[in-house]
Amino acid sequence: MNEPDDDALLGPADVAEWLQVDVSWLDGAVEHDALPLMGRTSTGEPVVLAREVRAWLRRPDPFGDMT
């Protein structure tokens, strides 16, 4: 997959292909790591905005300063 546009709405399969992760990764990122969610499809799959995923991936590591 090419880099999605910032305004692209992505489902689990799109994110998995883009980031080369397992399809279940998106659910975990939303539920456990506060990845912003745009909504859910009628079947319950999460939908995210590519811009938000990029920003979330660049966020500072809260544990990065711990030694």
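Conventions and cut-offs
- Residues numbered from 1 in each chain as written.
- Predicted model: local features only at pLDDT ≥ 70, side-chain atom pairs only at ≥ 80, totals over all residues.
- Heavy atoms only, no water.
- Buried < 20%, exposed > 50% of the residue type's maximum accessible area, 1.4 Å probe, protein only.
- Helix = DSSP H or I, 4+ residues; strand = E, 2+ residues; numbered from the N terminus.
- Arc of directions from axis to C-beta.
- Contact = heavy atoms within 4.5 Å.
- Pairing = 2+ DSSP bridges.
- Polar contact = N/O pair within 3.5 Å; in protein donor to acceptor, adjacent residues only side chain to side chain.
- Core = buried A, V, L, I, M, F, W, Y, C linked by side-chain atoms within 4.5 Å.
- Salt bridge = Lys/Arg side-chain N within 4 Å of Asp/Glu carboxyl O.

This part takes up helix α2 (residues 25-33). Within the sequence span of α2, burial applies to Leu26, Ala29 and Val30. One side of α2 carries all its buried residues, which in axial view fall inside an arc of 95°. Turned more than 90 degrees away from the buried face of α2 sit Glu31 and His32, all of them exposed. Buried positions along α2 lie against α1 (12-19), β2 (39-40), β3 (46-49) and α3 (50-57). Remark: Ala34 follows α2 within two positions and exhibits a positive phi of approximately 60°.

Moving on, we get to the sheet that holds β2. Read from one edge of the open sheet, three strands run β1-β3-β2, paired in antiparallel fashion. Pairing within the sheet leaves two strands with one partner each, and these edge strands are β1 (9-10) and β2. Sheet topology note: the β2/β3 ladder contains two bridges and is antiparallel. For Arg40, the partnering residue across the bridge sits in β3 and is Pro46.

A separate point is the environment of Glu52. Along the chain, the position of Glu52 falls in helix α3. If near-sequence neighbours (up to four positions away) are discounted, Glu52 is found in contact with Leu35 and Pro36.

Moving on to the side chain of Arg54. Its place among the elements puts Arg54 in helix α3. A polar contact of 2.5 Å, which involves the side chain of Arg54, links it to the backbone oxygen of Pro4. Ignoring sequence-local partners within four residues, the contact set of Arg54 consists of Glu3, Pro4, Asp5, Asp6 and Trp18.

Now for the nonpolar core. Counting eleven residues, the largest nonpolar core is built from Leu10, Val15, Trp18, Leu26, Ala29, Val30, Leu35, Val48, Ala50, Val53 and Trp56. At the level of elements, α1, α2 and α3 are the ones that each hand at least two residues to this core.

Attention shifts here to the pattern of salt bridges. The final tally for this structure, using the stated rule, is four salt bridges. The closest approach of N and O atoms between Arg51 and Asp7, which form a salt bridge, is 2.4 Å. With Arg51 in helix α3 and Asp7 in the segment before β1, this pair connects stretches of sequence that are 44 residues apart. Given a relative accessible area of 55%, Asp7 falls into the exposed group.

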